[in-house]
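# Structural characterization, general
As a plain string of letters, each chain reads:
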Amino acid sequence: MNHYDVIIIGAGAGGGTLAYKLAPSGKRILLIERGDYVPREKDNWSTRAVNLEAKYNTKEAWRDVEGKELHPHTNYFVGGNTKFYGAALFRLRKEDFGEIRHHGGISPAWPISYDELEPYYTEAEHLYQVHGNRGEDPTEPWASAPYRYPAVSHEQRLQDLHADFERAGLKPFHVPLGIRIDEKNARKSLCIRCNTCDGHPCLIGAKSDAQTICVDPALEHENVSLVTNAKVMRLETNGNAREVSKVIVDRDGVRAEYQGDIVVVSCGAVNSAALLLRSANDSQPNGLANGSDVVGRHYMGHINSVLMALSKCPNPTVFQKTLAINDFYFGSRDWDYPMGHISFVGKLDADTLKAGAPAIAPGWTLDLMAKHSLDFWLTSEDLPDSNNRVTVDRDGQIRVSYKLNNVEGHDRLKAQLQKAMKQTNCDVHGHDCHQGLFARNLYLGQRLPLAAVAHQNGTVRFGNDPKTSALDRNCKAHELDNLYVVDASFFPSSGAVNPALTIMANALRVGDHLLERMR
């Protein structure tokens, strides 16, 4: 039997960051990752391989509520989904930690305040080398320190759009980005500002992902080890069911067992819930840490849309993900409810459009559309619904049941973007430059469907009441003395910005708690 002080299951934004935080302690730490390292190869930068052929996606199938096969757009690698994320690293707004009334219902309060997480947001921003400017985003929460790195500059087409939005009375700002770029010294910059950042693994290690920033440095400590290609099948408890006593792993068909004084689950919101449900036993028949019956419930993944604005003017931008708008995050003068967040996806090309082209506008080809499009990403908050849930069938198959809610705000957000785009005024074509806003059917259907799980969260929520939550405020299971969860499963609500930085900051916070506990 292999015995460790801490076993961390999953090497992504939560598990990888936690391993980094605990590594200097000298404690014996084991990271278990079901995948391997992303192979370094030319296809890392191929939109055809990544988007059309889905080369790096998991081949496993889940099921939807009706039992139909579902192929999740997710990846199992060291670094988790941060290997493929767009590296937009936002803090949740201060208000997101309290109760917020939406058109579609209530977004519940968190058991911790923004002020408690703030030092860890700062620590995470510094660790992940976030580039940004404080004071531009009208909704940004207070911060105890500036960004260490300047915001990534706009290319000319986006600089013009920035000015257009300002003239329309909006407050556009630079997206906080975790990329390792030095624009003042391009020759020495790790990042070369290429067009295959968002959704792609970085061939040259210039993206601030959990593998390059946290896992690799953690492994330089002799007390930290990593096991790859190892899927954790279940967690077993001791006689009184108060502690996880064994972690049961399948490594290419071979069973292995590990023991840890502390066991941390960080497999992503869907897989973490599934692991706890698969680990049911005689004394916990509904699943581990699930006396409250909330494990797997309240699944959220945001309401996301990709919209292409076509202009007569070409958009030669290479790295597009620099501009964002939060003016409608909490509502507007004529709408009292939150709408959400507007930013950009990586520049779309004809190959990517083939994977889900919008209805082509008359006179436009895919190639022409790609050359003239501004490619927006819209995010609105979906609300926790106990019927939106992850379950595990008798054969161990994951099933995800999800019904979209709180849609009205998202539709209004699209209308606000359309209105803003109509006010753009270029030097050549005037107001006629804007040709319309087209939904890019990213996978079929205008909004990102159930298979798009990049922002998955909420399935093992934390809270002060064991009757309505699975974890306490330190993300320890109420019912087990040594089990923690540090991916986005712990979120009681989703906000309307990317969850990655909040996962990282919380992992650092839980790391401090564990260091104190192990002393």
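A brief structural summary. (Residues numbered from 1 in each chain as written. Predicted model: local features only at pLDDT ≥ 70, side-chain atom pairs only at ≥ 80, totals over all residues. Heavy atoms only, no water.)

It is worth spelling out the overall build of the chain at this point. Broken down by element type, the chain carries 10 helices and 19 strands. Since a compact globule built from 519 residues should have a radius of gyration of about 24 Å, the 22 Å found for the chain is in line with a globular shape. Across its three principal axes, the chain shows a C-alpha extent of roughly 75 × 50 × 45 Å. With 519 residues in all, the chain has 62% of them scored as buried. A separation threshold of at least 6 residues defines the contact pool for the chain, and within that pool the share at least 24 residues apart is 73%. Of the roughly 20,200 Å² of accessible surface on the chain, 48% is carried by carbon and sulfur atoms. (Helix = DSSP H or I, 4+ residues; strand = E, 2+ residues; numbered from the N terminus. Rg over C-alpha atoms; globule rule 2.2 N^0.38 Å. Buried < 20%, exposed > 50% of the residue type's maximum accessible area, 1.4 Å probe, protein only. Contact = heavy atoms within 4.5 Å. Areas by Shrake-Rupley, 256 points an atom, 1.4 Å probe, with all protein chains shown as cover.)

Mapping alanine 488 onto the fold places it in the loop between strand 19 (483-485) and helix 10 (500-518). The class of alanine 488 is buried, set by a relative accessible area of 4%. Along the sequence, alanine 488 and isoleucine 192 sit 296 residues apart, while their C-alpha atoms lie 30 Å from each other. When near neighbours in sequence (up to four residues on either side) are disregarded, alanine 488 contacts Gln456, Asn457, Gly458 and Ile503.

Quick look at helix 4 (residues 156-167) now. Taking 1.5 Å per residue as the helical rise, helix 4 with its 12 residues ought to reach 16 Å, and the 17 Å between its terminal C-alpha atoms agrees with that figure. Those residues of helix 4 lying buried are Arg157, Leu158, Leu161, His162, Asp164 and Phe165. Buried positions in helix 4, seen along its axis, are confined to an arc of 165° and lie on one side of it. Opposite the buried face of helix 4, by more than 90 degrees, sit the exposed residues Gln156 and Arg167. As for helix 4, its buried residues are in contact with strand 7 (173-174), strand 12 (303-311), strand 13 (323-324), strand 14 (341-344), strand 15 (373-380) and helix 9 (407-422). Residue glycine 169 follows helix 4 closely and has a positive phi angle near 90°. (Expected span 1.5 Å × (residues − 1). Arc of directions from axis to C-beta.)

Here we take up the nonpolar core. Counting 113 residues, the largest nonpolar core has Tyr128, Leu235, Val247, Tyr258 and Leu483 as the members making the most contacts within it. Ranked by residues supplied to this core, first place goes to helix 10 with 11 residues. Residues contacting valine 247, with those up to four places away along its chain left out, are Ile7, Ile9, Ile32, Val232, Arg234, Leu235, Ala256, Glu257, Tyr258 and Val263. Among the nonpolar cores identified, the runner-up in size contains 22 residues, and Trp335, Phe344, Leu413 and Leu437 belong to it. (Core = buried A, V, L, I, M, F, W, Y, C linked by side-chain atoms within 4.5 Å.)

Turning next to the sheet that holds strand 12. Taken in spatial order, the 4 strands make up an open sheet running 14-15-12-18, and their pairing is antiparallel. Looking at which strands have only one partner, the edges of the open sheet turn out to be strand 14 and strand 18 (434-439). Here the strands of the sheet are splayed against their neighbours by 30° on average, with no regard to which way each runs. Strand direction decides the pairing type here: strand 14 and strand 15, joined by 4 bridges, are antiparallel. Across the sheet, the residue bridging to histidine 341 is threonine 379, located in strand 15. Sitting on the sheet, helix 9 is in contact with strand 12, strand 14, strand 15 and strand 18, with an inclination near 150° to strand 15. (Pairing = 2+ DSSP bridges. Axes fitted to C-alpha atoms, helices over the stretch in contact; angles between N-to-C directions.)

For the pair helix 3 (residues 114-127) and helix 10, the least separation of the axes is 8 Å and the interaxial angle reads 110°. Here helix 10 runs roughly perpendicular to helix 3, going by the angle between their axes. By crossing handedness, the relation of helix 3 to helix 10 is classed as right-handed. Contacts between helix 3 and helix 10 pair Leu117, Tyr120, Tyr121, Glu123, Ala124, Glu125 and Leu127 from the former with Leu501, Thr502, Met504, Ala505, Asn506, Leu508, Arg509 and Asp512 from the latter. Taken together, the residues of the contact of helix 3 with helix 10 sort by class into 9 nonpolar, 2 polar and 4 charged. (Parallel < 35°, antiparallel > 145°, perpendicular 65-115°, else oblique. Left-handed = near helix turned anticlockwise from the far one by under 90°. Nonpolar A, V, L, I, M, F, W, Y, C, P; charged D, E, K, R; others polar.)

Note that side chains of opposite charge can pair when their charged atoms are close. Across all of its chains, the model carries 30 salt bridges by this definition. Put simply, arginine 63 and aspartate 395 hold a salt bridge, and the shortest N to O gap is 3.0 Å. Highlighted residues: arginine 63 in strand 3 (residues 62-63) and aspartate 395 in the loop between strand 16 (389-392) and strand 17 (398-401), separated in sequence by 332 residues. When its relative accessible area of 54% is taken as the criterion, aspartate 395 is described as exposed. A salt bridge links arginine 255 to glutamate 257; its shortest N-O distance comes to 2.6 Å. We classify arginine 255 as exposed; its relative accessible area is 52%. For glutamate 257, a relative accessible area of 23% translates into the label partly exposed. Salt bridges sharing common partners tie together Arg63, Asp393, Asp395 and Arg399. (Salt bridge = Lys/Arg side-chain N within 4 Å of Asp/Glu carboxyl O.)

The next point concerns the pairing of strand 12. Looking down a regular strand, the side chains alternate between one sheet face and the other. Here strand 12 lies mainly inside the structure; 9 of its 9 residues are buried. Here strand 12 shows no split at all, with Ile303, Ser305, Leu307, Ala309 and Ser311 on one side and Asn304, Val306, Met308 and Leu310 on the other all buried. Here strand 12 pairs with strand 15 via 8 bridges, running antiparallel. Each bridged residue has a counterpart across the sheet, and for leucine 307 the counterpart in strand 15 is phenylalanine 376. As paired elements, strand 12 and strand 18 share 5 bridges and run antiparallel to each other. Paired with methionine 308 across the two strands is phenylalanine 438, which belongs to strand 18.

As a further point, take the state of the cysteines. Counted according to the given criterion, the structure contains 0 disulfides. Here cysteine 194 is not disulfide-linked; the sulfur of cysteine 197 is the nearest cysteine sulfur, at 6.2 Å. Judged by its relative accessible area of 18%, cysteine 194 falls in the buried class. In this structure cysteine 267 is not part of a disulfide, and its nearest cysteine sulfur, from cysteine 475, lies 14 Å away. (Disulfide = S-S within 2.5 Å.)

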